[in-house]
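# Secondary and tertiary structure notes
The chain contents come next:
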Amino acid sequence: MEHLTIPQGYSSPLTIRETEVAIKEIKDHFERSLAKSLHLTRVSAPFFVRPESGMNDNLNGTERPVSFGIREQDDAPAEIVHSLAKWKRYALKNYDFHSGEGLYTDMSAIRRDEDTDNIHSLYVDQWDWEKIISKEERNMETLEYTVRKVYSALKETEEYISRRYNYIEPWLPDEIFFITSQELEDMFPNLTPKEREHRVAKAKGAVFISQIGKTLTSGEKHDGRAPDYDDWELNGDIIVYYPVLDIGLELTSMGIRVDEDALRRQLKAAGCEDRAELMFQKALLNGELPYTVGGGIGQSRICMYYLRKAHIGEVQSSIWPEDIVNCALENGIHLL
C-alpha cells in the first residue's frame, strides 16, 4: 500500500451523494469568484490537439501523451492534452481579447504516466485561465498581484463552504506567504523539494513558491517545468498545508508566460531548440501572440481540500489499482 496513506481515525462526514452535491457547490462558487476576481470570460476548449502544432504541454518532457488516429483523416494523429497552457494564448488572439481581459475554461486531461496516490490521479481536471498583459507588466509585481487575486478567490470559497457545512473550519490564513525556490533551498539545503514545501506550508499555512523550473545553486531544480510556456523567473505554485494528510498540497501552478527572449533562453537550457520550428513556438518568436499571465487550478484538488477528504478519488471518478480500492474501502475511504 505504498501509494495509499490512511489518516488515523479518518471518516468522511458526507455520504457519496452528499459529496457530489458539495462538489457542485464548490465548483460553481469558485468558478464565479475566480472569473470576477480576474475579469475572465468562459470559453470552450479542445480535448485533443495535433502533435505538430506544438500546443500540447510537455510537462517534464518525459510523460507520454495519449494519442489516437483520426479515421476520416487517413489516421492523422491527435494527442489528448496534458494541459492548455499554450492553446490559451492562441485563443486570446483568435477570440479578439485585449489587454486586461482574460479567459478561463474547463480542462480535462489523461496523464497515463502519473504515479497515483492520495493526491495524484490518471485523470486531471482543472480550470485553465489566461489573461493578456503588456510587455511592461512582465514583472514580479504583476505576478504577486495576480497570485493574491487567485488566493482571494480560494479563501472566499473556503469561507463560503464552511458556512454551508458545519464540520468545515476555515484553515487558510488571511495572507499568502511568498518565497523563491532558491530562498527555500537556502533555508533547508538538506531536505528534498517536497520536504521543503511541507516545511514552509506547515509554518505559513499558504505559500507561493516562485521561480520553478530553473536550476538552483545546488545544480538541481525545485521541480520540472516545460520551457515554452512559463517564464522560469516569473512563475510558481500556490501550496497550502493540508492537515488531513500532513502534506503541502499544491492547488495551482501559474506564471507570466515566456516572451521571445525567455523562450529562446529556456529552449536552449532544456536542450530542445528544435521546438522553435513548431507552429506555436514559431508564432511566439515572430511576435504574433499576446503577452500573458495564466495558470491551472486543480478542480478535484480544491474539492478534496475544502471537503477535508483523504483521497482525490473521493471527489473524482478514475481508475485505481484493485488492492488500493479494497484497502481504501476497508478504511472508510470510498473511491468513486
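First things first, this report covers the structure right here in the doc. Owing to the predicted nature of the structure, the values given are computational and were not obtained by experimental measurement.

What follows deals with the overall build of the chain. From N to C terminus, the chain includes nine helices and eleven strands. A compact globule built from 336 residues should have a C-alpha radius of gyration of about 20 Å, and the chain, at 20 Å, falls within 12% of that. The buried share among the 336 residues of the chain stands at 55%. Only carbon and sulfur atoms are counted for the fraction: they give 48% of the accessible area of the chain, which is about 15500 Å². Charge separation in the chain, taken as the distance between the mean sites of 40 positive and 58 negative side-chain charges, equals 3 Å.

With that settled, consider a nonpolar patch on the surface. Together, Phe 47, Phe 48, Phe 68 and Ile 110 make up an exposed nonpolar region whose accessible area comes to about 330 Å². Along the chain, the position of Phe 48 falls in strand S2 (residues 48-49).

Paired through backbone hydrogen bonds, the strands of a sheet run either parallel or antiparallel to each other. The mixed open sheet is built from eight strands, whose spatial order is S1-S5-S6-S11-S10-S9-S8-S7. For this open sheet the edge positions go to strand S1 (40-42) and strand S7 (177-180), each flanked by a neighbour on one side alone. Taking each pair of neighbouring strands and ignoring which way they run, the sheet shows an average axis angle of 25°. Alignment of strand S5 (residues 102-110) against strand S6 (residues 123-132), held across nine bridges, turns out to be antiparallel. Directly across from Ile 110, in S6, lies its bridge partner Tyr 123.

Between its first and last C-alpha atoms helix H1 (residues 16-38) spans 33 Å; for 23 residues at 1.5 Å apiece the expected length is 33 Å, and the two agree. Just downstream of H1, His 39 is the residue with a positive phi angle, here 60°.

Right, let's get into the pattern of salt bridges. Under the definition given, this model contains 27 salt bridges. Here Asp 174 ties to Lys 155 by a salt bridge, and the two come within 3.7 Å at their closest N and O atoms. Highlighted residues: Asp 174 in the loop between helix H3 (140-164) and S7 and Lys 155 in helix H3, separated in sequence by 19 residues. With a relative accessible area of 12%, Lys 155 lands in the buried category.

In this sheet, strand S4 (residues 76-80) lies alongside strand S3 (residues 67-70) in antiparallel orientation, the contact comprising four bridges. Across the sheet, Gly 69 pairs through a bridge with Pro 77, a residue of S4. The antiparallel hairpin formed by S3 and S4 contains five residues in its connecting segment, where Asp 74 sits at a positive phi of about 55°.

What follows concerns the packing of aromatic side chains. Applying the stated criterion across every chain, the model contains ten aromatic pairs. Chaining the aromatic ring pairs together yields one cluster made of Trp 171, Tyr 242, Tyr 305 and Tyr 306. Between the NZ or CZ atom of Arg 308 and the centre of the ring of Trp 171, over which it lies, the distance is 3.7 Å. Lying across the ring of Tyr 305, Arg 308 places its NZ or CZ 5.1 Å from the centre.

On to the nonpolar core, then. Ranked by size, the top nonpolar core spans 58 residues in total, and within it Trp 129, Val 150, Leu 154 and Ile 302 carry the most contacts. With eight residues, H3 is the largest single contributor of residues to this core. For Ile 302, the residues in contact, after removing those within four places along its chain, are Ile 26, Phe 30, Trp 127, Leu 154, Leu 251 and Ile 297. Core analysis: the next-biggest nonpolar cluster, separate from the first, contains 26 residues, Val 43, Val 49, Ala 109 and Cys 272 among them.

This part covers the packing of H3 against helix H8 (residues 299-306). Across the interface, H3 lies against H8 with an axial gap of 11 Å and an inter-helix angle of 45°. Taken together, the axes of H3 and H8 are oblique relative to one another. Crossing hand, H3 versus H8: right-handed. Residues Leu 154, Thr 157, Glu 158 and Ile 161 of H3 form the contact with H8, whose own contacting residues are Ile 302, Tyr 305 and Tyr 306.

A word on the side chain of Asn 118. Looking at where Asn 118 falls in the secondary structure, it is placed in the loop between S5 and S6. According to the relative accessible area criterion, Asn 118 is buried, its value standing at 4%. Side-chain polar atoms of Asn 118 contact the backbone nitrogen of Thr 5, separated by 2.7 Å. Side-chain polar atoms of Asn 118 contact the backbone oxygen of Ala 310, separated by 2.8 Å. If near-sequence neighbours (up to four positions away) are discounted, Asn 118 is found in contact with His 3, Leu 4, Thr 5, Leu 245, Met 304, Ala 310, His 311 and Ile 312.

Procedures and definitions
- Residues numbered from 1 in each chain as written.
- Predicted model: local features only at pLDDT ≥ 70, side-chain atom pairs only at ≥ 80, totals over all residues.
- Heavy atoms only, no water.
- Helix = DSSP H or I, 4+ residues; strand = E, 2+ residues; numbered from the N terminus.
- Rg over C-alpha atoms; globule rule 2.2 N^0.38 Å.
- Buried < 20%, exposed > 50% of the residue type's maximum accessible area, 1.4 Å probe, protein only.
- Areas by Shrake-Rupley, 256 points an atom, 1.4 Å probe, with all protein chains shown as cover.
- Lys, Arg positive; Asp, Glu negative; His and termini not counted.
- Charge placed at Lys NZ, Arg CZ, Asp CG, Glu CD.
- Patch = residues over 30% accessible without salt bridge, like charges linked within 9 Å, V, L, I, M, F, W, Y side chains within 5 Å.
- Salt bridge = Lys/Arg side-chain N within 4 Å of Asp/Glu carboxyl O.
- Pairing = 2+ DSSP bridges.
- Axes fitted to C-alpha atoms, helices over the stretch in contact; angles between N-to-C directions.
- Expected span 1.5 Å × (residues − 1).
- Phe/Tyr/Trp six-rings, centres within 6.5 Å; stacked < 30°, edge-to-face > 60°.
- Lys NZ or Arg CZ within 6 Å of the ring centre and 35° of its normal.
- Core = buried A, V, L, I, M, F, W, Y, C linked by side-chain atoms within 4.5 Å.
- Contact = heavy atoms within 4.5 Å.
- Parallel < 35°, antiparallel > 145°, perpendicular 65-115°, else oblique.
- Left-handed = near helix turned anticlockwise from the far one by under 90°.
- Polar contact = N/O pair within 3.5 Å; in protein donor to acceptor, adjacent residues only side chain to side chain.

Honestly, it's all geometry; don't read function into it.
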